[in-house]
Amino acid sequence: MKLSEIMELHPDWNIVVSTTDMDLELNCASCGQKVSFGDTYTSFEQTTDNGFFGLPVCPDCYNKELKRKGLSH
Ligand SMILES: [Zn+2]
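For the structure given in this document, a descriptive report is provided here.

Analysis parameters
- Residues numbered from 1 in each chain as written.
- Predicted model: local features only at pLDDT ≥ 70, side-chain atom pairs only at ≥ 80, totals over all residues.
- Helix = DSSP H or I, 4+ residues; strand = E, 2+ residues; numbered from the N terminus.
- Buried ≥ 20, exposed ≤ 12 C-beta atoms within 10 Å, placed from the backbone.
- Contact = placed C-beta atoms within 7 Å.
- Core = buried A, V, L, I, M, F, W, Y, C linked by C-beta atoms within 7 Å.
- Pairing = 2+ DSSP bridges.

The next point concerns the overall build of the chain. Scanning the chain for helices and strands turns up two helices and four strands. Helices and strands in the chain line up, N terminus first, as α-β-β-β-β-α. Of all 73 residues assigned to the chain, the portion counted as buried reaches 21%. Partitioning the intrachain contacts of the chain with sequence separation of at least 6 by distance along the chain shows that 29% fall at a separation of at least 24.

And the structure:
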């Protein structure tokens, strides 16, 4: 999904595209769980509206994405 679609579905989620503050608490762009920016991964499936950048997702969601792409065992 794109950022604007995610924000429409979940207006209360704090989704941060990029920050240098690794301790910043935000919501996973996929499942919405609270996670520190330093613990997130760049999503393949959740992106900025122009599709150029992946949004931060939690390790669980990232692993699921890798499995869907066939990149993980
Ligand atoms: Zn997640």
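On we go from here.
What follows concerns the nonpolar core. General note: in soluble globular proteins, nonpolar side chains tend to be found buried as a group. Counting nine residues, the largest nonpolar core consists of L26, C28, A29, V35, L55, V57, C58, C61 and Y62. Secondary-structure elements contributing two or more residues to this core are β4 (54-57) and α2 (59-69). Those residues in contact with L55 that lie beyond four places of it in its chain are L3, I15, V17, A29, S43, Q46, T47 and T48.

By the secondary structure assignment, S72 is in the segment after α2. Between the C-alpha atom of S72 and that of G51, which follows or precedes it by 21 residues, the distance is 23 Å. Leave out the neighbours within four places in its chain, and S72 touches N63, L66 and K67.

Turning our eyes to something else, we now look at the environment of M7. Looking at the element boundaries, M7 is found in helix α1 (residues 3-9). Taking C-alpha positions, M7 is 13 Å from L26, a pair spaced 19 residues apart along the chain.

This paragraph deals with the environment of T47. When you line up the elements, T47 lands in strand β3 (residues 41-47). On the basis of neighbour count, T47 is assigned to the partly exposed category, with 19 C-beta atoms found within 10 Å. Aside from chain neighbours lying at most four places away, what touches T47 is K2, F53, G54 and L55.

All right, on to the pairing of β3 then. On a regular strand, one side chain projects to one face of the sheet and the next to the other, so that they alternate. Sheet topology places β3 next to β4; three bridges connect them, and they run antiparallel. Residue pairing in the sheet places T47 in a bridge with G54 of β4. Between the end of β3 and the start of β4, which pair antiparallel, lie six residues, with G51 showing a positive phi angle near 75°.

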